[in-house]
Amino acid sequence: MSEEKENIVIKFAGDSGDGMQLTGTQFTNNTALYGNDFTTFPNYPAEIRAPQGTIHGVSGFQINFGSYDIHSPGDEYDVLVAMNAAAIKDSLKSLKKGGIVIADKAGFDTKNLRLAGYNPNENLLENDVFAPYKLITLDITEQTILALENIDIEPKEKLRSKNMFVLGLLLWIYNRDLDSVLNFIDKKFKNNIKEANEIALKSGYYYGETAELFAFKTTIKPIEKEKGVYRNIMGNQATAYGLMAAAANANLPLFYGSYPITPASDILHELSKHTKEGGNVSCFQAEDEIAAVSAAIGASFGGALGTTGTSGPGLALKSEAINLALMLELPLVVVDVQRAGPSTGMPTKTEQSDLLFAMYGRNGDSPLPIIAAHSPSNCFQQVYWASKIAIEYMTPVIFLSDGYLANGSEPWKIQQLEDLPEINLQKNIEQDENTFLPYKRNENLVRDWVVPGTEGKTHRIGGLEKEYNTGNVSYVPENHQLMTNIRQQKVANVQKILPKQELNSGVEAGDLLIVGWGNTYGAIKTATKLLNNNAYKVGHIQIDFINPFPQNLEDYFSKYKYILVPELNTGQLIKLLQTNFTNYKFLKLNKIQGVPFKTQEIVDKVEQIIGLGGADE
């Protein structure tokens, strides 16, 4: 028998070595093929060898999937899969009352209880803490070992297959087939390891069918979406594809220089898969951040789309070279996948705290465009725009993603190159045939992109101040002011080609406008819908183009009584808004905990503001 639901939130939680990320990823891929909408939230320790059995070593993967548009991974889960006691301590607090806990009995022995901070002499699985929930205790470890007793592999290899037992069980509960996972196992593993994973997967699936643990299998119908070819995509994958699409549409080779850093490294991994497909993509794993960005600038000087990727600490190291690209007036796309800082901070945890650094973190007056993505798939669109602006305005552009977007995933309708905005290279400013002026500009103050070796167009580049038009070194005071003003105005001119700001959700005028940027999109959109359903007149805009802002942005501010700006930092966008739009009062909601906003946190703040007549405390 089967029951039908509109959505389900599942949290897989266990030790870092329990394979929870793989389990969640394969469940997500299966969900995508089935046709549900979904949003995921992988959350794991930074350490390769995180302290086993402790709360610090818990690795979690959360997925919210349903038959309607899903924009957030969910505030609370319906099902918690807990592989040990630490997973319970870390995750039980966010399980819905009446929710299901599937616990692996082997992970609740004396040692695991002690490491998780529980009394090692108590039987936690019989504790009243589970009274509000439906607890299903399984001996997943023992069942897996029994299923694999005839497979000739080491005991520890058998234990590593228990995540497949869990995955098989969950696929049975949600009425799915095993084909996508079996295909994955076939490509990923070989010989006895492959056979062990297949057997463990099928054992979990048929255990669900024969053990009668659940009265019903659960079905979530596929969502009806716009026709097209869809795939599951993570933010870092989308960023890599967006860079390749921009290079293809600009008819340029793509160069990506990078030094490995969490959570940006997967962009390099993805692009490196495409370096042999026709030779239009080149990757360079540099010895450090400075070498990576400098190589990208060199590639741009030579006529390629020069790009580089990093996270906060790396952006700090790249700052001098970014300024060099600004001074040279060469295209450069700098991808910053933000993480919790300062310094090394919390490498696998998300934050939005690099915005002001991207805006001001260089010496001198150093303006450059800044663009932010608001969802994993939106990384494709926004990094494409970053590339378009870099090429058409001959300037470095900083593209801001973050750990939540980079590792999260959602369905994405595959884009066709001909449907994307055109990218036009600046190459043909009219010149005197006898005197080449490398810094002569068009109506948008953009100079020509002249590659080395172009006959009759020999010119000098470097970090010293340029003389207007000629590009010769100049220390003339009036020239420095002129060139500083030109660089500022050139970035301001980018506003001419930006899409207009749109209302993302909610009502067009009313009580309160929620202004978001980056990864707050899903939580704000979901909160806005809930508030509207409760008769609050709330609207939502998500600002993707941060420097410069869209031309019509201010039009929205006058339509609401209050304006709220939620951010995963101490208040960085709100400072830019207060500086640029002095006629309005912006209220803030800040969270700096390494995790994204919950929908309810935004709902509560909006109700508080409206209830208190605009007071933010």
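Look above for the structure.
Numbering of residues begins from 1 in every chain and follows the order in which that chain's sequence is written. pLDDT decides what is reported in this predicted model: residues at 70 or higher carry local features, side-chain atom pairs at 80 or more are listed and counted, and totals for whole chains, interfaces and linings draw on all residues regardless. Hydrogens are left out, water is left out, and the side-chain values use all remaining heavy atoms of the structure.

A. Representation of the state of the cysteines. Our working definition of a disulfide is a cysteine sulfur pair at a distance within 2.5 Å. Within this structure, the stated rule accounts for 0 disulfides. Free of any disulfide, cysteine 283 has its nearest cysteine sulfur in cysteine 379, 17 Å distant. With a relative accessible area of 0%, cysteine 379 lands in the buried category. The buried label applies to any residue whose accessible area, calculated with a 1.4 Å probe on protein chains only, is under 20% of its type's maximum; exposed applies above 50%, and partly exposed to all values in between.

B. Focus on the pattern of salt bridges. The working definition used for a salt bridge is a side-chain nitrogen of Lys or Arg within 4 Å of a carboxyl oxygen of Asp or Glu. For the structure on display, the rule yields 16 salt bridges. The closest approach of N and O atoms between lysine 225 and aspartate 37, which form a salt bridge, is 4.0 Å. Of this pair, lysine 225 sits in the loop between strand E8 (217-219) and strand E9 (230-234) while aspartate 37 sits in strand E3 (residues 37-43); the two residues are 188 residues apart in sequence, bridging distant segments of the chain. On the basis of relative accessibility, which here comes to 35%, the residue lysine 225 falls in the partly exposed class. Glutamate 392 is the salt-bridge partner of lysine 388, the closest N and O atoms lying 3.0 Å from each other. Of the two residues, lysine 388 and glutamate 392 are both situated in helix H14 (residues 378-393); the distance of 4 residues between them amounts to about one turn of the helix. Pair check on accessibility: lysine 388 and glutamate 392 agree, each one buried. Look at the salt bridges and you will find they share partners, linking Asp18, Asp104 and Lys162 into a network. Secondary structure follows DSSP: runs of H or I at least 4 residues long count as helices, runs of E at least 2 residues long count as strands, and numbering of each begins at the N terminus.

C. Inspection of the nonpolar core at higher detail. The biggest cluster of nonpolar side chains holds 90 residues, and the ones touching the most others in it are Leu271, Val515, Ile546, Phe549, Phe557, Leu573 and Leu577. Considering every element that reaches this core, the biggest residue donor is H14, with 10 residues. Residues are treated as being in contact if the distance between any of their heavy atoms lies within 4.5 Å. Aside from chain neighbours lying at most four places away, what touches leucine 573 is Leu355, Val515, Trp517, Ile543, Ile546, Phe549, Val565 and Glu567. For the purposes of this section, nonpolar cores are sets of buried Ala, Val, Leu, Ile, Met, Phe, Trp, Tyr and Cys residues that join through side-chain atoms within 4.5 Å. By size, the runner-up hydrophobic cluster in this structure holds 37 residues, among which are Leu138, Phe165, Trp172 and Leu178.

D. Inspection of the layout of surface pockets at higher detail. In this analysis the probe radius is 1.4 Å and the grid spacing 1 Å, with only protein atoms considered; a cavity is a set of points the probe fits into but cannot get out of, a pocket is an open set with protein on both sides within 12 Å along at least five of seven lines, and lining residues have an atom within 4 Å of a point. Grid points are joined across faces, edges and corners, and a volume is the space filled by probe spheres set on the points. Quantified by volume, the largest pocket comes out at close to 1,400 Å³. As for the largest pocket, its lining consists of 44 residues, of which Asp15, Ser16, Gly17, Asp18 and Gly19 are closest to the centre. At the level of elements, helix H1 (20-34), helix H3 (110-115), helix H5 (155-159), helix H6 (162-173), helix H7 (179-188) and helix H8 (191-211) are the ones that each hand at least two residues to the lining of the largest pocket. Looking at the lining of the largest pocket, the element that brings in the most residues is H1, giving 4 residues. Tallied by class, residues from the lining of the largest pocket come to 16 nonpolar, 17 polar and 11 charged. Quantified by volume, the second largest pocket comes out at close to 1,200 Å³. Around the second largest pocket, the lining is made up of 46 residues, and of these His374, Ser375, Ser377, Asn378 and Tyr521 lie nearest the centre. For this classification, the nonpolar set comprises Ala, Val, Leu, Ile, Met, Phe, Trp, Tyr, Cys and Pro, the charged set comprises Asp, Glu, Lys and Arg, and every other residue, Gly included, is treated as polar.

E. Main features of the sheet that holds strand E5 (residues 77-82). Pairing between two strands requires that DSSP report at least two bridges joining them. Across the sheet, which stays open at both edges, the 6 strands sit in the order E3-E4-E2-E5-E6-E7 with mixed pairing between neighbours. Each edge of the sheet is formed by a strand with only one pairing partner; in this case those strands are E3 and strand E7 (134-138). The average undirected angle you get between the axes of adjacent strands in this sheet is 15 degrees. Note: strand E6 (residues 95-104) against E7, 5 bridges, orientation parallel. Residue pairing across strands places alanine 103 opposite threonine 137, the latter belonging to E7. The axes used here are C-alpha line fits, helices contributing only the stretch in contact, and every angle between their N-to-C directions lies in the interval 0 to 180 degrees.

F. Representation of the packing of H6 against H8 in the model. Taken N-terminus to C-terminus, the directions of H6 and H8 make an angle of 40 degrees; their axes are 7 Å apart at the nearest point. Taken together, the axis directions place H6 and H8 in an arrangement best described as oblique. In this structure, the crossing between H6 and H8 has a hand that is right-handed. Listed contacts from H8 to Met164, Phe165, Leu167, Gly168, Leu169, Leu171 and Trp172 of H6 are Asn197, Ala200, Leu201, Ser203, Gly204, Tyr205, Tyr207, Gly208 and Glu209. In what follows, roughly perpendicular refers to angles from 65 to 115 degrees, roughly parallel to angles under 35, roughly antiparallel to angles over 145, and oblique to any angle outside these ranges. Crossing handedness is defined as follows: a turn of the near helix away from the far one that is anticlockwise and smaller than a right angle gives a left-handed crossing, while the clockwise case is right-handed.

G. Layout of H7. Restricting attention to buried positions, one finds in H7 the residues Ser180, Val181, Phe184 and Ile185. Looking straight down H7, one finds that the buried residues subtend no more than 135 degrees of arc, so they occupy a single side. Lining the buried residues of H7 we find H1, H6 and H8. An arc is given here, and it is the one of the directions from the helix axis to the C-beta atoms.

H. Spatial organisation of H14. Expected helix span is given by 1.5 Å per residue-to-residue step, counting one fewer step than there are residues. In this model, H14 (16 residues) spans 22 Å end to end at C-alpha, consistent with the 22 Å of a helix rising 1.5 Å per residue. Phi for methionine 394, located one or two positions after H14, is positive at around 50 degrees.

I. Spatial organisation of unusual backbone geometry. Cis geometry marks the peptide bond from threonine 262 to proline 263; its omega dihedral reads 5 degrees. Among the structural elements, proline 263 can be located in the loop between strand E10 (254-258) and helix H10 (265-272). The residue after glycine 341, namely proline 342, is reached through a cis peptide bond having omega 5 degrees.

J. Molecular detail of the sheet that holds strand E17 (residues 505-506). Within the open sheet, the 5 strands sit side by side as E17-E19-E18-E21-E22. Their pairing is mixed. With partners counted over all chains shown, the strands left at the sheet margins are E17 and strand E22 (586-590), one partner each. Pairing of strand E21 (residues 560-567) with E22, which is carried by 5 bridges, proceeds in the parallel orientation. Its bridge partner lying in E22, valine 565 is registered against lysine 588. The strands that helix H17 (residues 521-533) touches are E17, strand E18 (510-516), strand E19 (538-542) and E21; relative to E19, the one it contacts most, it runs at about 165 degrees.

K. The arrangement of a nonpolar patch on the surface in detail. Patches were defined on residues exceeding 30% relative accessible area and lacking a salt bridge, with like-charge contacts within 9 Å and nonpolar side-chain contacts (Val, Leu, Ile, Met, Phe, Trp, Tyr) within 5 Å. Using a 1.4 Å probe, the Shrake-Rupley method yields the accessible areas, and only the shown protein chains count as cover for residues. Residues Leu464, Val473 and Tyr475 make up a contiguous nonpolar surface patch of roughly 340 Å² in combined accessible area. Its location among the elements puts valine 473 in the loop between strand E16 (409-413) and helix H16 (477-493).

L. Representation of the packing of aromatic side chains within the structure. Note on ring pairs: Phe, Tyr and Trp rings are taken, using the six-membered ring of Trp, and paired if centres are within 6.5 Å. Classes follow the plane angle, with under 30 degrees stacked, over 60 edge-to-face and the rest tilted. Following the criterion strictly, the structure yields 16 aromatic pairs and no others. Taken together, a centroid distance of 5.0 Å and an interplanar angle of 50 degrees make the contact between phenylalanine 380 and tryptophan 412 tilted. In this pair, phenylalanine 380 sits in helix H14 while tryptophan 412 sits in strand E16, placing the two residues 32 residues apart along the sequence. For phenylalanine 380, a relative accessible area of 3% puts it in the buried group. Assessed through its relative accessible area of 8%, tryptophan 412 is described here as buried. Every member of this aromatic cluster is reached through a ring pair, and the members are Phe549, Phe557, Phe581, Tyr584 and Phe586. Stacked on the ring of tyrosine 118, the Lys or Arg lysine 89 has its end atom at 4.7 Å from the ring centre. It is lysine 559 that lies over the ring of tyrosine 556; its NZ or CZ is 5.3 Å from the centre. Here, a charge over a ring means that NZ of Lys or CZ of Arg falls within 6 Å of the ring centre while also lying within 35 degrees of the ring normal.

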